[in-house]
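Structural characterization, general
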Amino acid sequence: MVRVYLLAIILCFINHVDSKEDCFPPEWLKSVSLSVKISKAGFHRDLQYTVEWSDTDHDVQALLLQKMPSGVYLDEYQLETLRRDTGLEVLLDSKVDLEAPEYLSSGFTALVFLSGAREAVVPVHGRYHRPSDSSERVRVDLERPRLLLRSDQCPGVRGVVVDAPCTVSNHSICSWMEILDLEGDAGLSLELPVGDSSMIFSVCVVTVLTTVLSCVYLLRNIWRHGSF
Amino acid sequence: MDARLCVLLSAAVLIRCVLLCIGVYQDQNLQLKYTDVDYHVFTDASRFITQGQSPYERSTYRYTPLLALLLTPNVLLSAHCGKLLFVGCDLLSALLLFRLLVLRGSSRSSARVYCGLWLFNPLTIGVSTRGNAESLLAVLVLSSLLCLESRRRTSAALLFGLSVHMKIYPVTYALPIALSLTGAPSRGRGLIQNLLRCFNRDLLQFAAVSGSVFLALNLIFYSMYGWEFLQESYLFHLTRRDIRHNFSPYFYMLYVTAEHRWSGVLSLVCFLPQLLLLLLSSLAFRSDLPFCCFIHTAVFVSFNKVCTSQYFLWYLCLLPLVVSRLTLGWRRGLGLLLLWFVGQALWLSPAYYLEFEGWNTFALIWIAGLLFLLINSLILGQIISHYRPADAQLKKTD
């Protein structure tokens, strides 16, 4: 409950703080880059995030805010296992239904923490979509994630400030600096197969006929060989 | 217990131990995990119980709290305790099968062979070592049948009530059990007299005992976990309409019509073949309960709106009891078995390409699902027509 509450109060506002020491000078910010790739095929994909920056004398923590559309979901239990096994740090801003189809789901936001590691592989799963009569597949577009940075050594942050949990344990809120104008690829998309709604009539007729045929065959056998 | 059965069981234990170890290694070192997702669901639910919370805090936990309670050693001792329990149940099922087979007139040597069908079935071994709870149900169903066959009706009723509480599907056995406990109808009497005869002492006692076990357990868990318990462990399964691909012949129809105004009617239509077949087979085979239960489960699973490979275990645990009385030749038997596997392979390959390669194979999966139903019906038809009931067997030995 606390987790959801803390996440729900992520507020975004623009704030200019005058700090004596600038941890993230503009020339250093130019070295920051983010790349996102989708690997694997089908309903189970991997989102591969890589954040890079040039060396600096203070620690830098990164957080990616990835909006997830209703067409995909993350499995919080799988993420928990991955956290134990590989150290992947992901938080979700709301409870995610693991079974509902796309048209009965809503989107959510995933918070991917990159403390230490500058790479993360997040498994994402496709939801079943409404059948279509015009296309064999449906495209699910993912927005480009927002990249936030902070450093424990510099509490004051300049530029666009976003309040978000400090770490994946989600006990406290920190001010993060959003990195805008990142170079690199635009949003990503993945394609998922969908059923063919133009076949609805033939599917129903053939299915019902086959089950009736099987049922009659079995009823006849039971009638012949049973003892009444 | 005879020595040869011991050897058979030891071999079965050995195979399972090896697989349990391989599972531990694979889970720790490979990306593709051996342990089934359900096992983690059970363990998470048990963790909630040990923390004094409801097991239904774990989403997708759709079983009785009793299962999570049974698996608390997973949290308190070692994560492998549950698997050991399931493997234990799987072996116990073989012993129960052996007792039932001997009781039903099989020689000890042939009973051992039929037990082997269960013990060395790759599906049985896989399901219990991967951490699915189906073997628990196999034990409950087989022991209910053993008690009924050996006329220990109170124990049978207790076990039957417990099995229905654990999973809803054995509830369909209630009708053949009731019919087997009532006397045969006689033509000389009227309908009302025949109906009254149905409610004899045995039947009322069985209904009272199993009903009270079922109700008592449900009341306890309802008072502990409320509506969520009823919703997740029963109502979900009754109203379940999974549109994601599965072995059911209805899957694609339910997917493409999910938002159609007829979808409610279609769902009801899907119940009809199940209902007709269950009713007629109860009447036809009431005198041979294990066979009747086998037919019931096979029909229920094959014609169900949702079907996954774990469901096959529900009827496979009864198969050895049926095979022992089949007059099918070896060749035809093996042919049918091969056909069953081919049916699954034909479904599994397009399902793999859909799920992991993203190919649009929905239509192929649908056709494969229908073909699998036809194959299952053919096999069941062959079993029904080549089954030799007990009295025929006795006459032959006389």
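Residues numbered from 1 in each chain as written. Chains lettered and ligands numbered in written order. Predicted model: local features only at pLDDT ≥ 70, side-chain atom pairs only at ≥ 80, totals over all residues. Heavy atoms only, no water.

Note the threshold: UniProt positions are given in the numbering used here, feature names are shortened, and annotations may be inferred rather than shown by experiment.
Under an unreviewed UniProt entry, the name given to chain B is GPI alpha-1,4-mannosyltransferase I, catalytic subunit, and the organism recorded is Carassius auratus. Regarding chain B, the relevant UniProt record gives this comment under Pathway (unreviewed entry): "Glycolipid biosynthesis; glycosylphosphatidylinositol-anchor biosynthesis." Its UniProt record, at the heading Sequence similarities (unreviewed entry), says of chain B: "Belongs to the PIGM family."

Labelled according to an unreviewed UniProt entry, chain A appears under the name Phosphatidylinositol-glycan biosynthesis class X protein, originating from Carassius auratus. Its UniProt record, at the heading Pathway (unreviewed entry), says of chain A: "Glycolipid biosynthesis; glycosylphosphatidylinositol-anchor biosynthesis." Turning to chain A, the UniProt annotation filed under Subcellular location (unreviewed entry) states: "Endoplasmic reticulum membrane".

1. Re the interface of chain B and chain A
Here is the rule we go by: Only heavy atoms enter the contact rule, under which two residues are in contact if any of them lie within 4.5 Å. By buried area we mean how much accessible surface two parts lose on assembly, using a 1.4 Å probe and totalling the loss over both. When a carboxyl oxygen of Asp or Glu is within 4 Å of a side-chain nitrogen of Lys or Arg, the pair counts as a salt bridge. Runs of E in the DSSP output that reach at least two residues are strands. Runs of H or I that reach at least four are helices, and both are numbered from the N terminus. The nonpolar class holds Ala, Val, Leu, Ile, Met, Phe, Trp, Tyr, Cys and Pro. Asp, Glu, Lys and Arg form the charged class, and all remaining residues, Gly among them, are polar.
Across the boundary between the two partners, chain B contributes 53 residues, which contact 44 residues of chain A. Between chain B and chain A, roughly 4,400 Å² of surface is buried when both sides are summed, and carbon and sulfur atoms account for 67% of that area. A salt bridge links E99 of chain A to R244 of chain B; the shortest N-O distance between them is 4.0 Å. Going through the elements one at a time, α14 (251-256), α15 (263-284), α19 (330-357) and α20 (362-385) of chain B are the ones with two or more residues in the side of chain B that touches chain A. Taken together, the residues of the side of chain B that touches chain A break down into 30 nonpolar, 13 polar and 10 charged.

2. Comments concerning the domain arrangement of chain A
Test applied: Bear in mind that the domain bounds are from an automatic or database domain assignment.
As far as domains go, chain A holds domain 1 (2-195) and domain 2 (198-228). The C-alpha centroid of domain 2 of chain A is placed 51 Å from the C-alpha centroid of domain 1 of chain A.

3. A short note on the packing of helix α1 (residues 3-29) of chain B against helix α6 (residues 108-119) of chain B
Residue and element names in this part refer to chain B. Where we set the bar: The axes used here are C-alpha line fits, helices contributing only the stretch in contact, and every angle between their N-to-C directions lies in the interval 0 to 180 degrees. For this classification, under 35 degrees means roughly parallel, over 145 means roughly antiparallel, 65 to 115 means roughly perpendicular, and everything else is oblique.
Interhelical geometry of α1 versus α6 gives an angle of 10° and a closest axis separation of 11 Å. As the angle between them shows, α1 and α6 are arranged roughly parallel. Residue-level contacts link R4, L5, L8, L9, A12 and R16 of α1 to R112, G116, W118 and L119 of α6. Each residue belonging to the contact of α1 with α6 can be placed in one class, and the counts come to six nonpolar, one polar and three charged.

4. Some details on the state of the cysteines
So the rule is basically this: Throughout, a disulfide means two cysteine sulfur atoms within 2.5 Å of one another. Remark: exposure states derive from per-residue accessible area (1.4 Å probe, protein chains only) relative to the maximum for the residue type, with buried under 20%, exposed over 50%, and partly exposed in between.
Inspection of every chain in the model, using the stated rule, returns one disulfide over all chains. With a sulfur-sulfur separation of 1.9 Å, C166 of chain A is cross-linked through a disulfide to C174 of chain A. Every disulfide takes its handedness from the sign of the S-S torsion; for C166 of chain A and C174 of chain A that torsion is 100°, giving right-handed. This pair shows no difference in class: C166 of chain A is buried, exactly as C174 of chain A is. Counting only cysteine sulfurs, C21 of chain B is the nearest neighbor of C17 of chain B, a cysteine outside any disulfide, at a range of 6.6 Å. With no disulfide of its own, C89 of chain B lies closest to C317 of chain B among cysteine sulfurs, the gap being 12 Å. Look at C89 of chain B and you get buried, because its relative accessible area is 10%.

5. A short note on the UniProt feature "transmembrane region" (unreviewed entry) in chain B
All names here are of chain B. As annotated in UniProt, the feature "transmembrane region" (unreviewed entry) corresponds to residues 84-102, 203-225, 262-280, 289-306, 335-353 and 359-380 in the numbering used here. Helix makes up 78% of residues 289-306 and strand 0%, whereas the separation of the span's terminal C-alpha atoms amounts to 26 Å. Taken as a whole, residues 335-353 contains 100% helix and 0% strand, while its terminal C-alpha atoms sit 27 Å from one another.

6. Some details on the confidence of the model for chain A
Residue and element names in this part refer to chain A. What counts here: As a per-residue measure, pLDDT tells how confident the predictor is, with possible values from 0 to 100.
The share of residues in chain A with pLDDT of 70 or more is 90%, and the mean pLDDT across the chain is 86. Summarising per-element confidence for chain A, the mean pLDDT is lowest in strand β1 (residues 12-14) (43) and highest in strand β5 (residues 72-73) (97). Confidence drops under a pLDDT of 50 for residues 4-20, and excluding neighbours within four residues, the segment shows 26 contacts in the predicted structure.

7. A short note on a nonpolar patch on the surface
Here is the rule we go by: Patch membership is restricted to residues that have no salt bridge and whose relative accessible area is over 30%. Joining uses 9 Å for like charges and 5 Å for the nonpolar side chains Val, Leu, Ile, Met, Phe, Trp and Tyr. Each accessible area is a Shrake-Rupley estimate made with a 1.4 Å probe; only the visible protein chains count as cover when residues are assessed.
Together, L213 of chain A together with L338, V342, L346, L371 and L374 of chain B make up an exposed nonpolar region whose accessible area comes to about 510 Å². Sorting the residues of the nonpolar patch by element identifies α19 and α20 of chain B as the ones contributing at least two each. If you tally residues by element for the nonpolar patch, the top one is α19 of chain B, at three residues. Within the element layout of this structure, L346 of chain B appears in helix α19.

8. Structural notes on the UniProt feature "transmembrane region" (unreviewed entry) in chain A
UniProt records the feature "transmembrane region" (unreviewed entry) at residues 199-219 of chain A, using the numbering of this structure. Between the end C-alpha atoms of residues 199-219 of chain A there is a gap of 30 Å, over a span that is 95% helix and 0% strand.

9. Things to note about the pattern of salt bridges
Close approach of charged atoms lets side chains of opposite charge pair. Residue and element names in this part refer to chain A. Applying the stated criterion to the full structure yields 21 salt bridges over all chains. For E76, the salt bridge goes to K95, with nearest N and O atoms at 3.0 Å. In this pair, E76 sits in helix α3 (residues 76-86) while K95 sits in the loop between β6 (89-92) and β7 (108-115), placing the two residues 19 residues apart along the sequence. Given the relative accessible area of 56%, K95 is considered exposed.

10. Some remarks on unusual backbone geometry
Not every positive phi belongs to a glycine, and K40 of chain A is a case in point at roughly 70°. We note that R151 of chain B has phi near 60°; this positive angle belongs to a residue other than glycine. What makes R151 of chain B exposed here is its relative accessible area of 61%.

11. So, the sheet that holds strand β8 (residues 119-126) of chain A
Residue and element names in this part refer to chain A. Applied cut-off: A pair of strands is treated as paired once DSSP finds two or more bridges between them.
Pairing is antiparallel in the open sheet, where four strands are placed in the order β2-β3-β8-β5. Each edge of the sheet is formed by a strand with only one pairing partner; in this case those strands are β2 (33-39) and β5. As defined by bridge partners, β5 adjoins β8 across two bridges and the pair is classed as antiparallel. Across the sheet, residue Y73 finds its bridge partner in β8, namely H125.

12. A closer look at the side chain of S93 of chain B
Residue and element names in this part refer to chain B. Take S93: it is sitting in helix α5 (residues 81-103). Relative accessible area serves as the criterion here: at 0%, S93 is assigned to the buried category. Every residue in contact with S93, bar those within four places of it in the chain, is listed here: W118, S135, A138, V139 and L142.

13. Some remarks on the nonpolar core
Heads up, the rule is: Only buried residues count toward a nonpolar core. Its members are Ala, Val, Leu, Ile, Met, Phe, Trp, Tyr and Cys residues joined through side-chain atoms within 4.5 Å.
Residues L74, L147 and L149 of chain A together with L318 of chain B are the most contacted members of the largest nonpolar core, which totals 175 residues. Ranked by residue count, the leading element in this core is α20 of chain B, at 12 residues. Contact partners of L147 of chain A, with chain neighbours within four places excluded, come to V32, L34, V51, A62, L63, L64, M177, E178, I179 and L182 of chain A. Counting residues in hydrophobic clusters, the runner-up holds 12 residues, among them L91, L148, V168 and W176 of chain A.

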